[in-house]
Amino acid sequence: MTKRSRYEREQREAANVRAKQITAEWERAVPPERAAAFALEVEAARARGPRPPQPDMAPGTAPHPPRPGYEPRPPKKEETRRTRY
């Protein structure tokens, strides 16, 4: 948890109060029928829940293709070392 100074906390609280004032003014300025339609849309969106995760990429597809000229090297072949007698 981050510790915040008293000044920072007061600034955050003031910003939150101002945001609530702006929201209240906006709600008063919007016609009631439009506000009701918006509330229905919000309720429907909340009822749907979060979107399902995107499907994974196709099998065998690298997530980030290499840049041109920086392709991976082919694997080294294991060669047995010969010892000299």
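How each quantity is defined
Residues numbered from 1 in each chain as written. Predicted model: local features only at pLDDT ≥ 70, side-chain atom pairs only at ≥ 80, totals over all residues. Heavy atoms only, no water. Helix = DSSP H or I, 4+ residues; strand = E, 2+ residues; numbered from the N terminus. Rg over C-alpha atoms; globule rule 2.2 N^0.38 Å. Buried < 20%, exposed > 50% of the residue type's maximum accessible area, 1.4 Å probe, protein only. Areas by Shrake-Rupley, 256 points an atom, 1.4 Å probe, with all protein chains shown as cover. Lys, Arg positive; Asp, Glu negative; His and termini not counted. Charge placed at Lys NZ, Arg CZ, Asp CG, Glu CD. Phe/Tyr/Trp six-rings, centres within 6.5 Å; stacked < 30°, edge-to-face > 60°.

Enquirer: Looking at this structure, I do not really get the overall build of the protein. What am I missing?
Expert: Along the protein, the regular secondary structure elements total two helices and zero strands. Against the globule reference of 12 Å for 85 residues, the protein gives a C-alpha radius of gyration of 30 Å, more extended than a compact globule. Its C-alpha atoms give the protein principal-axis dimensions of about 95 × 40 × 25 Å. Looking at the protein as a whole, 1% of its 85 residues qualify as buried. For the protein, the accessible surface area stands at approximately 9,700 Å², while carbon and sulfur atoms represent 55% of it. Taken together, the 19 basic and 12 acidic charged side chains of the protein have centroids lying 11 Å from each other.

Enquirer: Help me understand the packing of aromatic side chains, please; the structure alone is not making it clear to me.
Expert: The description of two aromatic rings rests on the distance between their centres and on the angle between their planes. Counted by the stated rule, this structure contains one aromatic pair. Both rings, one in W26 and one in F38, keep their centres 5.9 Å apart while their planes meet at 80°; by these two values the pair is edge-to-face. With W26 in helix α1 (residues 6-29) and F38 in helix α2 (residues 32-48), this residue pair connects regions lying twelve residues apart in the sequence. For F38, a relative accessible area of 45% translates into the label partly exposed.

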